[in-house]
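Fold and geometry: a report
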Amino acid sequence: MKFDFSKKLKVHFIGIGGISMSAIALILLKNGFTVVGSDLSENANVKELENKGIKVYFGHKKENITDDIDIVVYSKAIHDDNEEIIEAKNKNIELMSRSKILGMIMQNYKERICIAGTHGKTTTTALVSKVMYDKGVDPTINVGGIVDEIGGNSHIGKNENMFIAEACEYTNSFLDFCPNAEIITNIEEDHLDFFKDLDDIRASFKKFVELLPDDGLLIINNRIENIGYLTQNTKAEVLTYGDDESADYYFKNVSYDDRHYQSFDVYKGKEFIGRMRQKMIGKHNALNFVAAYALLSHMGLTFEEIKKSLEEFKGARRRLEVKAIIDGITYIDDYAHHPTEIEASLNALKEIKYNNLYLIFQPHTYTRTKALLSDFIRVLGSTPKTILAKIYPAREKDLGIVSSKDIVDGIKSNKDNLNNFCEYYDTFEKISEQVCEKAQKGDIVVTMGAGDVYKVFDMIKIKKRI
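Treat the numbers as computed from the prediction; the structure is a model and nothing was measured.

For Ser75, the location among the structural elements is in the loop between strand 4 (71–74) and helix 3 (83–90). Discounting chain neighbours no more than four positions away, the residues touching Ser75 are Ile14, Met21 and Arg98.

For the pair helix 1 (residues 19–30) and helix 4 (residues 98–106), the least separation of the axes is 11 Å and the interaxial angle reads 40°. In this view, helix 1 runs oblique relative to helix 4, as classed from their interaxial angle. Of the two possible hands of crossing, helix 1 and helix 4 adopt the one that is left-handed. Across the interface between the two elements, Ser20, Met21, Ile24, Ile27 and Leu28 of helix 1 pack against Arg98, Ile101, Leu102 and Ile105 of helix 4.

Here the focus is the sheet that holds strand 1 (residues 10–14). If you trace the five strands from one edge of the open sheet to the other, you get 3-2-1-4-5, paired in parallel fashion. At either end of the open sheet lies a strand with only one pairing partner, and these are strand 3 (55–58) and strand 5 (94–97). Adjacent strand axes in the sheet meet at a mean angle of 25°, parallel and antiparallel pairs treated alike. Pairing analysis gives five bridges linking strand 1 to strand 2 (residues 34–39), with the strands arranged parallel. The residue bridging Val11 from the neighbouring strand is Val35, located in strand 2. The strands that helix 4 touches are strand 4 and strand 5; relative to strand 5, the one it contacts most, it runs at about 85°.

Once that is clear, we can look at the pattern of salt bridges. Throughout the structure, instances matching the rule amount to 19 salt bridges. When salt bridges with common partners are traced through the structure, they connect Asp67, Glu87 and Lys91 into a single cluster.

Turning our eyes to something else, we now look at the pairing of strand 15 (residues 271–278). Bridge count between strand 14 (residues 262–268) and strand 15: seven bridges; the pairing is antiparallel. From the neighbouring strand, Tyr267 faces strand 15, where its bridge partner is Phe272. Between strand 14 and strand 15, which pair antiparallel in sequence order, lie two residues; one of them, Gly269, sits at a positive phi of approximately 60°.

Together, Glu189, Asp197, Asp199 and Glu225 make up a region of like negative charge exposed at the surface. You can see Asp199 is positioned in helix 6 (residues 198–209). Residue classification places Asp199 among the exposed positions, given a relative accessible area of 57%.

One non-glycine residue, Asp138, lies in the positive phi region at around 55°. Relative to the assigned elements, Asp138 resides in the loop between helix 5 (121–135) and strand 7 (140–147). Taking relative accessible area as the criterion, Asp138 reaches 16% and is therefore assigned buried. With a phi close to 55°, Thr171 is a non-glycine residue in the positive phi region. Relative to the elements of secondary structure, Thr171 occurs in the loop between strand 9 (162–166) and strand 10 (181–184).

Definitions and limits used
- Residues numbered from 1 in each chain as written.
- Predicted model: local features only at pLDDT ≥ 70, side-chain atom pairs only at ≥ 80, totals over all residues.
- Heavy atoms only, no water.
- Helix = DSSP H or I, 4+ residues; strand = E, 2+ residues; numbered from the N terminus.
- Contact = heavy atoms within 4.5 Å.
- Axes fitted to C-alpha atoms, helices over the stretch in contact; angles between N-to-C directions.
- Parallel < 35°, antiparallel > 145°, perpendicular 65-115°, else oblique.
- Left-handed = near helix turned anticlockwise from the far one by under 90°.
- Pairing = 2+ DSSP bridges.
- Salt bridge = Lys/Arg side-chain N within 4 Å of Asp/Glu carboxyl O.
- Patch = residues over 30% accessible without salt bridge, like charges linked within 9 Å, V, L, I, M, F, W, Y side chains within 5 Å.
- Areas by Shrake-Rupley, 256 points an atom, 1.4 Å probe, with all protein chains shown as cover.
- Lys, Arg positive; Asp, Glu negative; His and termini not counted.
- Charge placed at Lys NZ, Arg CZ, Asp CG, Glu CD.
- Buried < 20%, exposed > 50% of the residue type's maximum accessible area, 1.4 Å probe, protein only.

Purely geometric numbers; function is a separate question.
Structure, rendered in structure tokens:
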């Protein structure tokens, strides 16, 4: 069912400051709807919404749900005991999940591109979006990160030609979408507070593939196990991408210049397409580029058009983002929060010359930390200097089942680990003090995690009076 843009309803968003929620709010505002919302605290997204005239209440209170509201939109992080949810039910106001309303909005567009996967979906969505934006297609974009080149986490197109969306599998949200083109970057264990296991996750991705129409297109990483299981019920065209000749599209011959920019050859089958140079660090980003290229070339764009758009692109914020170089120390911020993502980021950083690397890691959610504890210990134990922050709870409550100390203890107890400095500090203030005391010229300091660990860098700047 399409979302009827002609009705001009009043819509209230619970948790309006979230990246995806704020983007949907702006789409509706642009189409003439009255938009209001609530959130627990102010952030950059909230400030942008307020600057555009959207009323934002702080705190989730039943008084925020007024009689003139037509629809209340909530994310899966909002539970049934939320005051605003209860009040909306009492007033018989229609409740709609974030993913459902996004899927309904999407149906108004001719081309609907959804990019999913355990890792890499934000960057790949940003790559595709940047090219289409530069091409003048003027797509509507919803991405789970800040992309400076499109003006933030969303862009509201002037027509209904194309919708590009990052598609998250958590709580099966992406099954509310209606894609006619998909990219799947990878499938691994994650969100185990919702999914039972990897087989359960794969079953969800199988259903995602089945959303494609018969004339649709699937671009999929050929390293994903048993692709045939995922595609057995679709008639859509399936193309693979990867890092060797076994894929339909692939890259090879990677090299780096003195600024750590990477170049690589791009192939389609045995045909050499061209050599790409990009500013994003790491071979995993070469893989993301090839995924985007496979889709874009299939849609008729030339390699030179794609290359011109992406050669200077630095990626979405918090994806190995170089924040500053202060007193000869390079500060980098990264969103990685799953062991595979951490490993990919650390491997990418090995391509940069430095004296010491200080990794400040903030685990994200108790369930993920508990389920993948041994993997966190293994991966974080491979870097010599690691500082652990408190677990970021996100939507969860601390039941005492796991803590960051468990990671530290696991690393210290394993004699095969490379750590010569691994500590846990319970505040960002203590962490910033340690960094200021220990990091020297020629070192790299990385804040890593999906929570608010980036605030450590802000504290360091204050201590250094910058």
